[in-house]
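What follows is each chain in one-letter form.
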Amino acid sequence: MADAPVIRVRGLVTRFGRHVVHDGLDLDVRRGEVLGVVGGSGTGKSVLLRAIVGLLRPAEGQIEVLGQSVRDTPPDAYRRLRRRWGVMFQDGALFSSLTVRQNVEAPMREQLDLPPDVMRTLAGIKVRMVGLPEDAQGKYPSELSGGMRKRAGFARAIALDPEIVFLDEPTAGLDPIGAAAFDRLIRQLRDALGLTVFLVTHDLDSLHAVCDRVAVLADRRVLAIGSIADMLDVDHPWVREYFHGPRARAAKIMPPEPA
Amino acid sequence: MSDTPPVSDRPCDVILDGNRLRLAGHLTIDALQTFDRAAAAELARRAVVIDITETDAVDTAGAWLLVALAAQGQGGGADIHGASSHQAQLIDTVRANMPPPEAGSEATGGMTDRLARLGGRIHGGAGAAVELVSFLGQVVATIGGIILHPRRLRLTSVVHHCQEVGWNAVPIVTLMSFLIGVVLAFQGAAQLSQFGAEVFVVDLIAISILRELGILLTAIIVAGRSGSAFTAAIGSMKMREEIDAMRTLGLDPVTILVVPRVLALIVMLPALGLIADVAGLLGGAVMAWVDLGVSPAAFQARLVGNTDLWHFGVGMIKAPFFALIIGIIGCYEGMKVGGNAESLGRLTSTSVVLSIFMVIVMDAMFSIFFAVVGV
């Protein structure tokens, strides 16, 4: 793991009008790790994700993904770079007029010139990999449950075998069993496909189950980064509240308090 | 790492070496674009072992290709050699997720299939017709209930919709009808002047506008303007689960959303039809004066003296029925909207097409009816 970081953010500043979201934020994501990004509502977790994938233009700062700057790349290079990551949005953001299989085929159709039967087979493999049943392939997003939509969104994100996957709150709104299954899925696909995962989450169980490292966003920057064990020692009111609270104890991050 | 190109254009080489199939190069989804699968499958049939030691990148698509080629191999499948531990894991994952045999090859075409689909369509259409009629019944029953308990009527809402569907439509209806009157007078005059019967243009305009065109064209305009608006408004409420929220609060969506719209249409469509009649006659009179020299006074005298009041009556009788058709179909299609944006668009267009079609069918039926009763 002495590799250069796959995502390198330096001095990131983003603001909406006069509201400053990030002020000099630094972050490194290492190859092959699952990095959990946590923070209170409005600390700019999703904004950070959007800035890294180039959906949002930050006011200042450098963002490099796989050694290339996201901001100052010619469109052609950016297009090639974009193919090396996949993004799963909060509710899957599937195209509602396409079936699940067509959704997964969409990136292949747009980016590559493959025969239809190959696309069909590959999309089928991806849909099965994320654990969706066989009959889900022909269904429209509105016919799926929330958990299935998220899985289908994940399948679309990994359609082109990206090196990095960005997941925006993959377990939000899922029941605990579904959320645990999704956690297992992330780990499993990370191992099988050699992914680097950038995981925005609120879910302490998820953090505990899948993340190699955790980055805490607070006070407009990355307040702390490290393993969950490291987080317990951070002296900051929000971090203490978050990792020492009753829910953290329930997620077995903390040893139970002596009676 | 930025000096190596991220997307490889290097094709994957396939070499058959005895019974050993060697693959070299990039085995990725990009390589698959130019890969000759038929030739590779041909070679794979003679292979016992597939060696991937020389490949330098394998992704899911490449792993799928390997698994598919290996299945072609001799003795019920070749072995894959030379995979790194990471590649072996990927290949195992893909193998576990291969399509089930014979999947996706459902028989399509064939006479029985087509017949079955035709039957399904007819069944679906009949079901929709029954549903539409039962929705009509529900609305009529609700209106009946409101007549018994007038306090249940949402008067503000009715007035609001009267303005939306009636008052705001006055300019377009007036202009359209005026132009239709002009066109009728002009076309009629050209034909009638051949017989020296120019003055009959008044009868032509009066009968066609009062009896048919005035109300029919108004209904078509209103179906396009308001029927689609009803579907879109109710449909987007349905999409955001507002209708369900109403039901849980004990509010009846038919009373609150459908009845005010339908009532507003029933009140306003005859009024718009009257405006259209006046504007159409005015357009005809202007054209008759300019083009044929029929003075407004002569036009008026002939109109009053020669035109049966029933022509106007026939037009006005049809108006509330057209209004009911447009209102019911617009609201019904809105209620049918499902969870996605696409169904909203589809049903809005269905609503307009269906209500215009039904208005014309109704008009034809009225023609037969009035011919039978002799007015």
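Residues numbered from 1 in each chain as written. Chains lettered and ligands numbered in written order. Predicted model: local features only at pLDDT ≥ 70, side-chain atom pairs only at ≥ 80, totals over all residues. Heavy atoms only, no water.

Let's talk about the nonpolar core
Leu-122, Phe-154, Leu-207, Val-214 and Phe-243 of chain A together with Leu-32 and Ile-50 of chain B are the most contacted members of the largest nonpolar core, which totals 83 residues. Broken down by element, the residue count for this core peaks at eight residues, all from helix α2 (residues 60-72) of chain B. In contact with Val-214 of chain A, other than residues within four places in its own chain, are Leu-35, Gly-36, Val-38, Leu-207, Ala-224, Ile-225, Gly-226, Ile-228, Met-231 and Phe-243 of chain A. Residues Val-262, Leu-272, Ala-319 and Ile-328 of chain B belong to the second largest nonpolar core, which totals 43 residues. (Core = buried A, V, L, I, M, F, W, Y, C linked by side-chain atoms within 4.5 Å. Buried < 20%, exposed > 50% of the residue type's maximum accessible area, 1.4 Å probe, protein only. Helix = DSSP H or I, 4+ residues; strand = E, 2+ residues; numbered from the N terminus. Contact = heavy atoms within 4.5 Å.)

With respect to the sheet that holds strand β5 (residues 68-69) of chain A
All names here are of chain A. One open sheet holds the four strands; their spatial order is β2-β1-β4-β5, and the pairing between them is antiparallel. At either end of the open sheet lies a strand with only one pairing partner, and these are β2 (19-29) and β5. Two elements, strand β1 (residues 7-16) and strand β4 (residues 60-65), share five bridges in a ladder whose sense is antiparallel. By the bridge assignment, Arg-10 is partnered in β4 with Gln-62. (Pairing = 2+ DSSP bridges.)

Here we look at the packing of helix α4 (residues 116-129) of chain A against α2 of chain B
In contact at an axis separation of 11 Å, α4 of chain A and α2 of chain B are set at 105° when each is read in the N-to-C sense. Compared by their axis directions, α4 of chain A and α2 of chain B come out roughly perpendicular. Between α4 of chain A, through Val-118, Thr-121, Leu-122, Ile-125, Lys-126 and Met-129 of chain A, and α2 of chain B, the contact on the second element is made entirely by Thr-60, Ala-61 and Trp-64 of chain B. Across the contact of α4 of chain A with α2 of chain B, the residue classes break down as six nonpolar, two polar and one charged. (Axes fitted to C-alpha atoms, helices over the stretch in contact; angles between N-to-C directions. Parallel < 35°, antiparallel > 145°, perpendicular 65-115°, else oblique. Nonpolar A, V, L, I, M, F, W, Y, C, P; charged D, E, K, R; others polar.)

Quick word on the packing of aromatic side chains
In the structure shown here, the tally under the stated rule is ten aromatic pairs over all chains. Measuring from ring centre to ring centre gives 4.7 Å for Trp-238 of chain A and Tyr-242 of chain A, while their planes differ by 20°; the resulting arrangement is stacked. Residue Trp-238 of chain A and its partner Tyr-242 of chain A are both found in helix α9 (residues 237-244); the two are separated by four residues, about one turn of the helix. Of the residues examined, Tyr-242 of chain A reaches a relative accessible area of 13% and is grouped as buried. Each ring, one from Tyr-242 of chain A and one from Phe-243 of chain A, has its centre 5.0 Å from the other, and the planes form 70°; the classification is edge-to-face. Given a relative accessible area of 0%, Phe-243 of chain A falls into the buried group. Grouped by ring-pair contacts, the aromatic residues Tyr-78, Trp-85, Phe-166 and Phe-198 of chain A constitute a single cluster. A cation over an aromatic ring shows up here: Arg-156 of chain A above the ring of Phe-95 of chain A, its NZ or CZ 4.5 Å from the ring centre. Above the face of the Phe-200 of chain B ring, Arg-302 of chain B is positioned so that its terminal group lies 4.8 Å from the ring centre. (Phe/Tyr/Trp six-rings, centres within 6.5 Å; stacked < 30°, edge-to-face > 60°. Lys NZ or Arg CZ within 6 Å of the ring centre and 35° of its normal.)

Describing the sheet that holds strand β10 (residues 221-226) of chain A
All names here are of chain A. Taken together, six strands build an open sheet; the order of strands is β6-β7-β8-β3-β9-β10 and the sheet is mixed. Each edge of the open sheet carries a strand with a single partner, namely β6 (85-88) and β10. Averaged over neighbouring strand pairs, the angle between their axes works out to 15° when direction is ignored. Here strand β7 (residues 164-168) runs beside strand β8 (residues 196-200); their pairing, made up of five bridges, is parallel.

Here we look at unusual backbone geometry
Even without a glycine there, the phi angle at Asp-161 of chain A is positive, about 50°. Relative to the assigned elements, Asp-161 of chain A resides in the loop between α5 (146-157) and β7. A positive phi is found at Glu-241 of chain B, a non-glycine position, where the angle reads about 65°. On the secondary structure map, Glu-241 of chain B appears in the loop between α7 (201-239) and α8 (242-248).

Structural notes on the pattern of salt bridges
Residue and element names in this part refer to chain A. If you walk through the whole model with that rule in mind, you get 27 salt bridges over all chains. A salt bridge links Lys-126 to Asp-161; the nearest nitrogen and oxygen atoms lie 2.8 Å apart. Taken together, the positions of Lys-126 in helix α4 and Asp-161 in the loop between α5 and β7 put the pair 35 residues apart, joining distant regions of the chain. By the burial criterion, Lys-126 is buried, and Asp-161 matches it. Between Asp-212 and Arg-187 there is a salt bridge; the shortest N-O distance is 3.6 Å. Taken together, the residues Asp-212 in the loop between α7 (204-210) and β9 (213-218) and Arg-187 in helix α6 (residues 176-193) connect sequence positions 25 residues apart. Note on Asp-212: relative accessible area 32%, which makes it partly exposed. Put simply, Arg-187, Arg-190, Asp-191 and Asp-212 are held in one network by salt bridges that share partners. (Salt bridge = Lys/Arg side-chain N within 4 Å of Asp/Glu carboxyl O.)

Side note on the packing of helix α6 (residues 170-192) of chain B against helix α9 (residues 253-292) of chain B
Residues and elements named next belong to chain B. Between α6 and α9, whose axes approach to 7 Å, the crossing angle comes to 40°. Here α6 and α9 pass one another in a crossing that is right-handed. Taken together, the residues of the contact of α6 with α9 sort by class into 16 nonpolar, six polar and two charged. (Left-handed = near helix turned anticlockwise from the far one by under 90°.)

Here's the deal with the UniProt feature "domain: ABC transporter" (unreviewed entry) in chain A
The positions UniProt marks with the feature "domain: ABC transporter" (unreviewed entry) are residues 7-244 of chain A. The span residues 7-244 of chain A shows a helical share of 38% and a strand share of 26%, and its end C-alpha atoms are spaced 29 Å apart. (UniProt positions renumbered as here; feature names shortened; annotations may be inferred.)

Let's talk about a nonpolar patch on the surface
Residues and elements named next belong to chain B. A contiguous nonpolar patch, built from Trp-310, Ile-317, Phe-321, Ile-368, Phe-369, Val-372, Val-373 and Val-375 and spanning about 750 Å² of accessible area, is present on the exposed surface. Only α11 (309-335) and α12 (341-373) provide two or more residues apiece to the nonpolar patch. When residues in the nonpolar patch are grouped by element, the largest group, four residues, is from α12. Following the sequence through the fold, Val-372 ends up in helix α12. Judged by relative accessible area, Val-372 falls into the exposed class, the value being 67%. (Patch = residues over 30% accessible without salt bridge, like charges linked within 9 Å, V, L, I, M, F, W, Y side chains within 5 Å. Areas by Shrake-Rupley, 256 points an atom, 1.4 Å probe, with all protein chains shown as cover.)

Points about the UniProt feature "transmembrane region" (unreviewed entry) in chain B
Residue and element names in this part refer to chain B. Mapped onto the present numbering, the UniProt feature "transmembrane region" (unreviewed entry) falls on residues 124-147, 167-185, 216-237, 258-289, 309-332 and 352-373. Each end of residues 216-237 is marked by a C-alpha atom, and these two atoms are 30 Å apart; helix forms 100% of the span and strand 0%. Regarding residues 309-332, the helix share stands at 100% and the strand share at 0%, and the terminal C-alpha atoms are separated by 36 Å.

Quick notes on the interface of chain B and chain A
On the side of chain A, 30 residues touch chain B, which itself brings 26 residues to the contact. Summed over the shared surface of chain B and chain A, the result is one salt bridge. The closest approach of N and O atoms between Arg-83 of chain A and Asp-30 of chain B, which form a salt bridge, is 2.8 Å. Taken together, chain B and chain A are joined by four residue pairs in polar contact (both at pLDDT 80 or more). Of all the secondary-structure elements, those providing two or more residues to the side of chain B that touches chain A are α2, α3 (85-96) and α12 of chain B. For the side of chain B that touches chain A, the element with the most residues is α3 of chain B, which contributes five residues. Across the side of chain B that touches chain A, the residue classes tally to 13 nonpolar, nine polar and four charged. (Polar contact = N/O pair within 3.5 Å; in protein donor to acceptor, adjacent residues only side chain to side chain.)

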